Amino acid sequence: MMTLSQLVLASHNAGKLKELQALLGNAVRVRSVGEFSDVAPEETGLSFVENAILKARHAARLSGLPALADDSGLAVDALGGAPGIHSARYAGGGGDAANNAKLLEALREVPDAERGARFVCALALVRHAEDPLPIICEGLWQGRILHAPRGTEGFGYDPLFWVPERGCSSAELASAEKNRLSHRARAMLQLRQRLGLA
Ligand SMILES: O=P(O)(O)OP(=O)(O)OP(=O)(O)OC[C@H]1O[C@@H](n2cnc3c(O)ncnc32)[C@H](O)[C@@H]1O
Ligand SMILES: [Mg+2]
């Protein structure tokens with residue numbers, strides 16, 4: 001088992017950082033990669049797992065500390081799994097509002113029964129930049145894409161993601177509730193088990 005006293009979170013996304021921190025609890029002292037660099041690495045992998053490993057190695061190299069990265073995104077059935085690994089830059093770098101507008105437009109003619117989607121999260125933890133055996137955990141969250149945004153909590157695509165088990169959008173969930181249900185919560189539970197923290 002890996003014992004950790006300090007960990008760098010390899011993300012530049014404030015919404016994600018907040019969730020990762022809450023999900024990790026206070027057993028580990030957490031730093032953010034933003035303390036070491038403002039520049040995010042290029043996400044050139046073909047999969048969530050490859051991109052998570054690449055981001056974790058980058059942060060471990062910068063900080064000299066163990067690093068945890070999250071690569072996540074939204075896979076929409078009617079779009080053949082898009083935006084997928086390209087979720088953060090779906091609308092070409094215009095941020096969350098532009099991404100959400102592009103998604104609504106792409107699904108304009110798609111009926112409810114065909115609006116299925118899932119959030120995907122891959123976590124990668126490396127002990128050091130060249131770690132040959134990263135810990136990988138994955139989580140999925142099944143839902144459906146709404147016709148208009150609802151709610152103001154969370155980040156990213158949350159206002160468009162209908163959560164069937166709660167009957168609301170994920171941006172209408174309190175953060176503690178999202179942290180019980182989400183793709184990230186599921187992946188993080190596995191990770192905490194692997195680390196002996198859960
Ligand atoms: O790479 P880092 O620095 O961690 O930050 P990022 O925002 O670029 O993160 P990703 O490359 O993993 O892209 C994931 C995108 O998927 C979306 N996403 C992931 N998890 C989400 C969640 O819990 N709720 C809403 N949108 C989410 C969100 O738009 C993210 O920008
Ligand atoms: Mg990214």
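Worth saying up front: this structure is predicted, and the values here are computed from it rather than measured.

**Details of the UniProt feature "active site" (unreviewed entry) in the protein chain**
Next, step 1: What UniProt calls "active site" (unreviewed entry) maps, in this numbering, to Asp 71.
Next, step 2: Summarising the element assignment, Asp 71 is placed in strand β3 (residues 67-76).
Next, step 3: Ignoring sequence-local partners within four residues, the contact set of Asp 71 consists of Lys 16, Glu 43, Ser 47, Phe 48, Asn 51, Ala 52, Lys 55, Val 120, Cys 121 and Ala 122.
Next, step 4: At a separation of 2.8 Å, a polar atom in the side chain of Asp 71 contacts the side chain of Lys 55.

**Comments concerning the site of ligand 1**
Next, step 1: Inspection of the region around ligand 1 gives 20 residues, with Ser 11, His 12, Lys 16, Lys 55 and Lys 178 positioned closest.
Next, step 2: The side chain of Lys 16 places a nitrogen or oxygen atom 2.7 Å from an oxygen atom of ligand 1.
Next, step 3: Interatomic distance of 2.9 Å between a side-chain N/O atom of Arg 184 and a nitrogen atom of ligand 1.
Next, step 4: Relative to its unbound accessible area of 600 Å², ligand 1 is 93% covered by the protein chains.

**Points about the pattern of salt bridges**
Once the charged atoms of two side chains with opposite charge are near each other, the side chains can pair.
Next, step 1: In the structure shown here, the tally under the stated rule is 15 salt bridges.
Next, step 2: A salt bridge links Arg 118 to Asp 77; the shortest N-O distance between them is 2.9 Å. With Arg 118 in strand β4 (residues 116-126) and Asp 77 in the loop between β3 and α3 (95-106), this pair connects stretches of sequence that are 41 residues apart.
Next, step 3: The partly exposed category is assigned to Asp 77, whose relative accessible area is 43%.
Next, step 4: Connected through shared salt-bridge partners, Lys 16, Glu 19, Asp 70, Asp 158, Lys 178 and Arg 184 make up one network.

**Considerations on the confidence of the model for the protein chain**
Next, step 1: Within the protein chain, residue pLDDT values average 96, and 99% of them lie at 70 or more.
Next, step 2: Scoring the predicted complex yields pTM 0.97 and, for the interface, ipTM 0.99.

**Description of the packing of helix α1 (residues 14-24) against helix α5 (residues 183-194)**
Next, step 1: The geometry of α1 relative to α5 is characterised by a closest axis approach of 10 Å and an angle of 40 degrees between their N-to-C directions. Taken together, the axes of α1 and α5 are oblique relative to one another. In this structure, α1 meets α5 at a crossing whose hand is right-handed. Residues Lys 16, Glu 19, Leu 20, Leu 23 and Leu 24 of α1 form the contact with α5, whose own contacting residues are Arg 184, Ala 185, Met 188 and Arg 192.

**Here's the deal with the nonpolar core**
Next, step 1: Counting 20 residues, the largest nonpolar core has Leu 68, Leu 123, Leu 125, Met 188 and Leu 191 as the members making the most contacts within it.
Next, step 2: Sorting the residues of this core by element identifies β1 (6-9), α1, β4, β5 (135-145) and α5 as the ones contributing at least two each.
Next, step 3: Those residues in contact with Leu 191, other than ones at most four positions away along the chain, are Leu 68, Leu 123, Leu 125, Ile 135 and Cys 137.

**Notes on the UniProt feature "binding site: Mg(2+)" (unreviewed entry) in the protein chain**
Next, step 1: Residues given the UniProt feature "binding site: Mg(2+)" (unreviewed entry) here are Glu 42 and Asp 71. The greatest C-alpha distance among the residues just named is 12.3 Å, despite their covering 30 residues of sequence, which places them together in space.
Next, step 2: You can see Glu 42 is positioned in the loop between β2 (29-32) and α2 (48-63).
Next, step 3: Taking relative accessible area as the criterion, Glu 42 reaches 67% and is therefore assigned exposed.

**Comments concerning α5**
Next, step 1: For α5, spanning twelve residues, the distance from its first C-alpha to its last is 17 Å, which sits close to the expected 16 Å at 1.5 Å a residue.
Next, step 2: Considering only its buried residues, α5 is in contact with α1, β3, β4, β5 and α4 (175-181).
Next, step 3: The first or second residue beyond α5 is Gly 196, which carries a positive phi of 75 degrees.

Criteria and thresholds
- Residues numbered from 1 in each chain as written.
- Chains lettered and ligands numbered in written order.
- Predicted model: local features only at pLDDT ≥ 70, side-chain atom pairs only at ≥ 80, totals over all residues.
- Heavy atoms only, no water.
- UniProt positions renumbered as here; feature names shortened; annotations may be inferred.
- Helix = DSSP H or I, 4+ residues; strand = E, 2+ residues; numbered from the N terminus.
- Contact = heavy atoms within 4.5 Å.
- Polar contact = N/O pair within 3.5 Å; in protein donor to acceptor, adjacent residues only side chain to side chain.
- Near = heavy atom within 4 Å.
- Areas by Shrake-Rupley, 256 points an atom, 1.4 Å probe, with all protein chains shown as cover.
- Salt bridge = Lys/Arg side-chain N within 4 Å of Asp/Glu carboxyl O.
- Buried < 20%, exposed > 50% of the residue type's maximum accessible area, 1.4 Å probe, protein only.
- pLDDT = per-residue confidence, 0-100.
- Axes fitted to C-alpha atoms, helices over the stretch in contact; angles between N-to-C directions.
- Parallel < 35°, antiparallel > 145°, perpendicular 65-115°, else oblique.
- Left-handed = near helix turned anticlockwise from the far one by under 90°.
- Core = buried A, V, L, I, M, F, W, Y, C linked by side-chain atoms within 4.5 Å.
- Expected span 1.5 Å × (residues − 1).

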